[in-house]
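Listed below, chain by chain, are the residues.
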Amino acid sequence: MMRQQQQMQQKLAKMQQEMESAQKNVEESSFTASVGGGAVQATVSGKKQLTALTIQPDAVDPADVEMLQDLVISAVNEALRQAEEAMESAMGALTGGLNIPGLF
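Summarised in this report is the structure supplied together with it. Remember, it's a predicted structure, so these values are computed and weren't measured experimentally.

Scoring rules and cut-offs
Residues numbered from 1 in each chain as written. Predicted model: local features only at pLDDT ≥ 70, side-chain atom pairs only at ≥ 80, totals over all residues. Heavy atoms only, no water. Helix = DSSP H or I, 4+ residues; strand = E, 2+ residues; numbered from the N terminus. Expected span 1.5 Å × (residues − 1). Buried < 20%, exposed > 50% of the residue type's maximum accessible area, 1.4 Å probe, protein only. Contact = heavy atoms within 4.5 Å. Pairing = 2+ DSSP bridges. Axes fitted to C-alpha atoms, helices over the stretch in contact; angles between N-to-C directions. Salt bridge = Lys/Arg side-chain N within 4 Å of Asp/Glu carboxyl O.

## Quick word on helix 2 (residues 65–95)
So, point 1. Spanning 31 residues, helix 2 covers 45 Å between terminal C-alpha atoms, matching the ideal 45 Å at 1.5 Å per step.
So, point 2. When we look at burial in helix 2, the residues that qualify are L68, L71, V72, A75, V76, A79, A83, M87, A90, M91 and T95.
So, point 3. Those residues of helix 2 that are buried lie in contact with helix 1 (2–27), strand 1 (30–35), strand 2 (40–45) and strand 3 (50–55).
So, point 4. The positive-phi residue at the C-terminal boundary of helix 2 is G96, with phi of around 65°.

## Concerning the sheet that holds strand 3
So, point 1. Here three strands make up an open sheet; going across it, the order is 1-2-3 and the pairing antiparallel. At either end of the open sheet lies a strand with only one pairing partner, and these are strand 1 and strand 3. Taken pair by pair, the neighbouring strands of this sheet meet at an average axis angle of 10°, ignoring direction.
So, point 2. Pairing between strand 1 and strand 2: six bridges, direction antiparallel. Among the inter-strand pairings, T32 is bridged to a residue of strand 2, identified as T43.
So, point 3. Of the strands in this sheet, strand 1, strand 2 and strand 3 touch helix 2, which is tilted by about 145° from strand 1.

## A few points about helix 1
So, point 1. Here helix 1 spans 37 Å end to end across 26 residues, near enough to the 38 Å set by a 1.5 Å rise per residue.
So, point 2. Those residues of helix 1 lying buried are M19, A22 and V26.
So, point 3. Contacts made by the buried residues of helix 1 are with strand 1 and helix 2.

## Some thoughts on the pattern of salt bridges
So, point 1. Scanning the model with the defined rule gives five salt bridges in all.
So, point 2. The partner of R81 in a salt bridge is E85, and the shortest N-O contact between them spans 2.8 Å. Here the residue R81 and the residue E85 both occupy positions in helix 2, the gap between them amounting to four residues, near one helical turn.
So, point 3. A relative accessible area of 48% places E85 in the partly exposed class.
So, point 4. Taken together, the shared-partner salt bridges in this structure form one network comprising E78, R81 and E85.

Spelled out as structure tokens, the structure:
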């Protein structure tokens, strides 16, 4: 009984290390989304922080600032979605798809 408990603790510790490593790998990655035919490009880190934003000069129309705002929002949200998806995928691969609240 005690041996089984030790083995289980070792497996859990190994899984925790693997999860921390996978999380760190995703956090150190960057995710880029381009919208409007390349008019706006946003890059976020795996920590979900905007790290770069590129706006092509021809996307800047003073008469239609709202469209540019929408493009920026779309690009940032898509890059954030990619980062979230990468984290979920990395964690899901280790947990076998278990949804453990508070895990990440």
